[in-house]
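Topology and contacts: notes
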Amino acid sequence: MNGHAPHIYQNGHTRPNSRHNHTKSRSELSTTSLNDYDAQINRKLPKELLLRIFSFLDVITLCRCAQVAKFWNILALDGSNWQRVDLFDFQRDVEGPVIENISKRCGGFLKSLSLRGCQSITDTALRTFALQCQNIEKLNLSDCKKLTDLTCSNLGKYGSRLNYLDLDSCCNLTNNALTAIGSVII
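Heads up: these notes are all about the structure in this document. (Residues numbered from 1 in each chain as written. Predicted model: local features only at pLDDT ≥ 70, side-chain atom pairs only at ≥ 80, totals over all residues. Heavy atoms only, no water.)

Turning next to the environment of Cys 118. Looking at the element boundaries, Cys 118 is found in the loop between strand S4 (112-114) and helix H6 (123-132). For Cys 118 and Phe 88, which are 30 residues apart along the polypeptide, the C-alpha to C-alpha distance reads 7.0 Å. (Helix = DSSP H or I, 4+ residues; strand = E, 2+ residues; numbered from the N terminus.)

Structure follows, in structure tokens:
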């Protein structure tokens, strides 16, 4: 060796430093390696396979993946990854606009939604939901205290594929709600 300390590369190999070698700063290395990694994984795996992998992720992980890179954002927020959504763990944070955004983003794909315990959800958000998510098959609205007969009326009009509906502890519903929804549930 020529007296210079060896430089350790990310792949684990070493090469002696030379006065004539261009060395990159740590920030250049990390930016380059992240972009190279992102490009490599996106080139090596077809989009369909990446979507299949993403389909096994929970809501939190999908949201985190959406922040990694533009391509991953597209994959993570693809409606096919949002066929089954359970928002029970976020019940205190879920308000109408969240449901409206989910409805618009994954309307045609969403088959199962649990809003169990989401007490801030209103008829307005569920009207948007009923209009956008007409393929919904299973809906859990138990303990959604602000819902009224209007929600059931909208579900009755637009939820032709709905075959399971949980309205446990929805205290503002009357017999009219059950009549409106009765024609849909098989």
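Considering the arrangement of structural elements, one finds Ser 142 in the loop between strand S5 (138-140) and helix H7 (149-158). Those residues in contact with Ser 142 that lie beyond four places of it in its chain are Leu 115, Arg 116, Gly 117, Asp 166, Leu 167, Asp 168 and Cys 170. (Contact = heavy atoms within 4.5 Å.)

Let's shift gears to the sheet that holds S4. In space, the 4 strands of this open sheet follow the order S3-S4-S5-S6, with parallel pairing throughout. Edge positions in the sheet fall to strand S3 (84-86) and strand S6 (164-166), since each of these pairs with one other strand and no more. On average, each strand axis in the sheet is tilted by 5° relative to the strand beside it, whichever way the strands run. Bridge analysis of S3 against S4 gives 3 bridges, and the strand direction is parallel. Of the residues in S4, the one forming a bridge with Val 85 is Leu 113. (Pairing = 2+ DSSP bridges. Axes fitted to C-alpha atoms, helices over the stretch in contact; angles between N-to-C directions.)

Moving on: the packing of H7 against helix H8 (residues 175-182). H8 packs onto H7 with a crossing angle of 10° between their chain directions and a minimal axis gap of 7 Å. The angle between the axes of H7 and H8 places the two elements in the roughly parallel class. In this structure, H7 uses Asp 149, Cys 152, Ser 153, Leu 155 and Gly 156 to contact H8, whose residues at the interface are Asn 176, Ala 177, Ala 180 and Ile 181. Of the residues belonging to the contact of H7 with H8, the class tally is 5 nonpolar, 3 polar and 1 charged. (Parallel < 35°, antiparallel > 145°, perpendicular 65-115°, else oblique. Nonpolar A, V, L, I, M, F, W, Y, C, P; charged D, E, K, R; others polar.)

The relative placement of two packed helices is expressed as an angle between their axes plus a distance between the axes. Contact geometry for helix H5 (residues 96-106) and H6: axes closest at 8 Å, N-to-C directions at 5°. On the basis of the axis angle, H5 is roughly parallel to H6. Residues Gly 96, Ile 99, Glu 100, Ser 103 and Lys 104 of H5 lie in contact with H6, whose contacting residues are Thr 124, Ala 125, Leu 126, Thr 128, Phe 129 and Gln 132. Residues of the contact of H5 with H6, tallied by class, amount to 4 nonpolar, 5 polar and 2 charged.

Structural measurements only, silent on function.
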